[in-house]
Amino acid sequence: MSKQENQEKNISNNLDALILCAGKGTRLRPLTDNTPKPMIPIAGKPIVAHLVDKVKDFVDNIYILVGYQKEAIIEYFNQNNNYNDYAINFIEQTEQLGTGHAVLMLKEYLDKNGTYENLNDFLVINGDIVFEDNLDGFLNKNLENDMDNSKNYIGALEVSNPENFGVIVTDSKNNILKIVEKPSREELPSLNSNLVNAGIYRFKKDVFDILKNLKPSSRNEIELPDAIDELIKKQQIKAITIKGYWDDIGRPWDVLKANKELLAHIKSDIKGEIQQNVVIVGNVVIEEGAVIRPNTVIEGPTIIKKGADIGPLAHIRPYTVLMENTHAGNSSEIKNSLIMEGSKIPHLSYVGDSIVGKNCNFGCNTITANLRFDDKPPKVNIKGVPTISTRKMGTIMGDNVKTGIQVSFMPGVKVGSNSWIGANSIIDRDVENDTIVFTKQEIEVVKKKK
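Note on numbering: residues in each chain are counted from 1, in written sequence order. The predicted origin of the model limits local features to residues at a pLDDT of at least 70 and limits the giving and counting of side-chain atom pairs to 80 or more, whereas totals for whole chains, interfaces and linings rest on all residues. Excluded from the side-chain calculation are hydrogens and water; included are all heavy atoms of the structure.

J.: Looking at this model, I keep getting lost on the nonpolar core. Mind explaining?
T.: In globular proteins that are soluble, nonpolar side chains generally tend to be buried together. Here, the term nonpolar core denotes a set of buried Ala, Val, Leu, Ile, Met, Phe, Trp, Tyr and Cys residues that are joined through side-chain atoms within 4.5 Å. For every residue, the accessible area obtained with a 1.4 Å probe (protein chains only) is divided by the maximum for its type, and the residue is called buried under 20%, exposed over 50%, and partly exposed between those limits. The biggest cluster of nonpolar side chains holds 68 residues, and the ones touching the most others in it are Val52 and Ile64. Contacts were defined at the residue level, with two residues in contact if any of their heavy atoms lie within 4.5 Å. With residues up to four places along the chain from it excluded, the contact list for Ile64 reads Ile19, Cys21, Val48, Val52, Ile73, Phe77, Ile88, Asn89, Phe90 and Ile91.

As structure tokens, then:
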């Protein structure tokens, strides 16, 4: 329910929400060089906007914890008329001192504003997750007919690879007995659980007292899992199973996977200018202000945002998102990719299974290869560690990158922001930020014989 509706009806939902968006998202670099991870667009909308949309009609107040590149998040909500009627507040975490410290920032903020007494139960949601569940289990006043109002709750997700997460062990009534962080394969059978922490919580105010009394971890941080361990000892926390698709966006291919999952549910909505002989197949969103030029083929599900200029003779294939003011030119083909604001793919280029940052410009016949000859998944460097990606993985490109003509990128290559790639270059390794790459050629000139 919106802030305005609550005020008009003089009612309260007795529930607030805190969304944690202060982290740096280093595993997603160069995509997060200039953009906080929660502002990475999924299906045409930032991750944090998806989260706000999940809760905005069911809570009294929304608090977004910001830090790294905070201006981008604040500006998005302040300038978006869709959120004018909702109580969205921003809390700055100047130092990232742990997830527990992040939750404590809410109490500090409310104390300063003299509104702490108005806080009842509150949701905490990690700002880097995308999920399908509508949170009924958390929003239901009786919480699945559990009348014990002393309980806290944590979202639990069934997965096939629990060893990569915090594994939750419960009793028959969903009371949490323990959480084991990333257990070894040898340890897994004894846990007998494939439930993991989904990064969604419902807490009572008592959690603040626990957090204040916690000792810093070995990383010198106040850790939320340590507070949850205390709640487990007091038998005060239960699990609520999260249904449907869920993913934490930690690596570039997670962006494309989440994009694909959400695009699968869009419905056609065509408001832009469609010129002669354009073919549109499947569910396609074309916003007002976009132009689709003659003889272009668009296969859905696809989203084309306002200001985009597509064609002529372009081929936009499924699971592609072209953000605001992008361009795909004559005979260019884009497939299963995210092209961010202001980037241009002018002519005779191919972009597949790739993410292109903001304000990039491709020279004629720039190609992103996305499949190895041996059909094995490319390895992508994540914080310096070669990490197996998905079977098809193209280029991960930062902002403000320019390429000359006839440039080819090999599968899984990362290109840092503000880099220039010279003509006829074949890029088979990562390119750091602020780098100029060029290919030297020896040209021999011989006079014609008469």
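J.: Any chance you could explain unusual backbone geometry here in plain terms?
T.: Backbone geometry follows two general trends: most residues other than glycine have a negative phi, and most peptide bonds adopt the trans configuration. In this chain, Arg29 is followed by Pro30 through a cis amide linkage whose omega measures 15°. Every helix listed is a DSSP run of H or I at least four residues long, and every strand listed is a run of E at least two residues long, numbered separately from the N terminus. Position of Pro30 among the secondary structure elements: in the loop between strand E1 (15–21) and strand E2 (41–42). The residue after Gly311, namely Pro312, is reached through a cis peptide bond having omega 5°. You can see Pro312 is positioned in the loop between strand E21 (309–310) and strand E22 (315–316). The phi dihedral of Lys383 falls on the positive side, at around 55°, and the residue is not glycine. Counting through the fold element by element, Lys383 comes out in the loop between strand E31 (379–382) and strand E32 (385–388).

J.: Teacher, can you tell me more about the pairing of strand E11 (residues 195–203) here?
T.: Working note: regular strand, side chains alternate between the two faces of the sheet. Of all nine residues in E11, nine are buried, a share of seventy percent or more. DSSP bridges decide pairing: two strands pair if at least two such bridges lie between them. Here strand E6 (residues 121–126) runs beside E11; their pairing, made up of four bridges, is antiparallel. Looking across to E11, one finds that Leu123 is bridged to Arg202. Across five bridges, the pairing between strand E8 (residues 152–158) and E11 is antiparallel. Note on E11: the bridge partner recorded for Ile154 is Tyr201. Bridging between strand E9 (residues 166–170) and E11 involves two bridges; their strand directions are antiparallel. Bridged to Val167 within E11 is Val196.

J.: It is not clear to me how the state of the cysteines should be interpreted in this structure. Could you clarify?
T.: Note on terminology: a disulfide is the covalent bond linking the sulfur atoms of two cysteines. By convention in this document, the label disulfide applies to cysteine sulfur atom pairs within 2.5 Å. Within the structure shown, the criterion is met by zero disulfides. Here Cys360 stays unpaired: no disulfide links it, and the sulfur of Cys364, its closest cysteine neighbor, is 17 Å away.

J.: Please explain a positive patch on the surface as it appears in this structure.
T.: Taken together, the side chains of Lys24, Arg27, Arg29, Lys182 and Lys383 make up a positively charged region of the molecular surface. Among the structural elements, Lys24 can be located in the loop between E1 and E2. By relative accessible area, Lys24 is classed as partly exposed at 42%. Residues qualify for a patch when their relative accessible area is over 30% and they have no salt bridge, like charges being joined within 9 Å and the nonpolar side chains of Val, Leu, Ile, Met, Phe, Trp and Tyr within 5 Å. Residue exposure ignores everything except the shown protein chains as possible cover, and the areas themselves are Shrake-Rupley values with a 1.4 Å probe. For this analysis, a salt bridge means a side-chain nitrogen from Lys or Arg found within 4 Å of a carboxyl oxygen belonging to Asp or Glu. Asp and Glu are treated as the negative residues and Lys and Arg as the positive ones, with His and the ends of the chain left uncounted. Throughout, a charge is located at the NZ atom of Lys, the CZ atom of Arg, the CG atom of Asp or the CD atom of Glu.

J.: So what exactly am I meant to see when it comes to the sheet that holds strand E18 (residues 291–292) here?
T.: Two modes of strand pairing occur in sheets, parallel and antiparallel, and in both the strands are linked by backbone hydrogen bonds. Within the open sheet, the five strands sit side by side as E15-E18-E21-E24-E27. Their pairing is parallel. Both edges of this open sheet fall to strand E15 (273–274) and strand E27 (344–345), since each of them pairs with a single strand only. Strand direction decides the pairing type here: E15 and E18, joined by two bridges, are parallel. Looking at E18, one finds that Glu273 is bridged to Val291.

J.: Sorry, what's going on with the sheet that holds strand E39 (residues 436–437) here?
T.: Ordered in space as E34-E37-E39, the three strands form an open sheet in which the pairing is parallel. Two strands in the sheet have a free side with no partner beyond their single neighbour: strand E34 (402–403) and E39. Relative to E39, strand E37 (residues 420–421) runs parallel, the two being bridged by two bridges. Within E39, the residue paired with Ile421 across the bridge is Val437.

J.: How should I be thinking about the layout of surface pockets in this particular structure?
T.: Computed from the structure, the second largest pocket encloses a volume of approximately 1,200 Å³. Gly44, Lys45, Pro46, Tyr76 and Lys305 are, among the 40 residues lining the second largest pocket, the residues nearest its centre. Contributions of two or more residues to the lining of the second largest pocket are made by strand E3 (45–46), helix H2 (47–55), helix H3 (70–79), strand E7 (129–131), helix H9 (252–263) and strand E17 (284–286). Here the lining of the second largest pocket gets four residues from one element, more than from any other, and that element is H3. When residue character is reported, Ala, Val, Leu, Ile, Met, Phe, Trp, Tyr, Cys and Pro are called nonpolar, Asp, Glu, Lys and Arg charged, and the others, Gly included, polar. Residues of the lining of the second largest pocket, tallied by class, amount to 16 nonpolar, eight polar and 16 charged. Using protein atoms alone on a 1 Å grid, points that fit a 1.4 Å probe yet trap it form a cavity, whereas open point sets bounded by protein on both sides within 12 Å along at least five of seven lines form a pocket; residues with an atom within 4 Å of a point count as lining. Grid points are joined across faces, edges and corners, and a volume is the space filled by probe spheres set on the points.

J.: How should the pattern of salt bridges be read in this particular structure?
T.: Opposite charge on two side chains allows them to pair when their charged atoms are near. Following the criterion strictly, the structure yields 23 salt bridges and no others. Notably, a salt bridge pairs Arg219 with Glu221, separated by 3.6 Å at the nearest N-O pair. Measuring nitrogen to oxygen at the nearest pair gives 3.1 Å for the salt bridge that ties Arg391 to Asp375. Within this pair, whereas Arg391 is found in the loop between E32 and strand E33 (396–397), its partner Asp375 is found in the loop between strand E30 (367–368) and E31, the two being separated by 16 residues in sequence. Given a relative accessible area of 38%, Asp375 falls into the partly exposed group. Among the ionic contacts, a cluster of salt bridges with common partners joins Lys70, Glu71 and Glu92.

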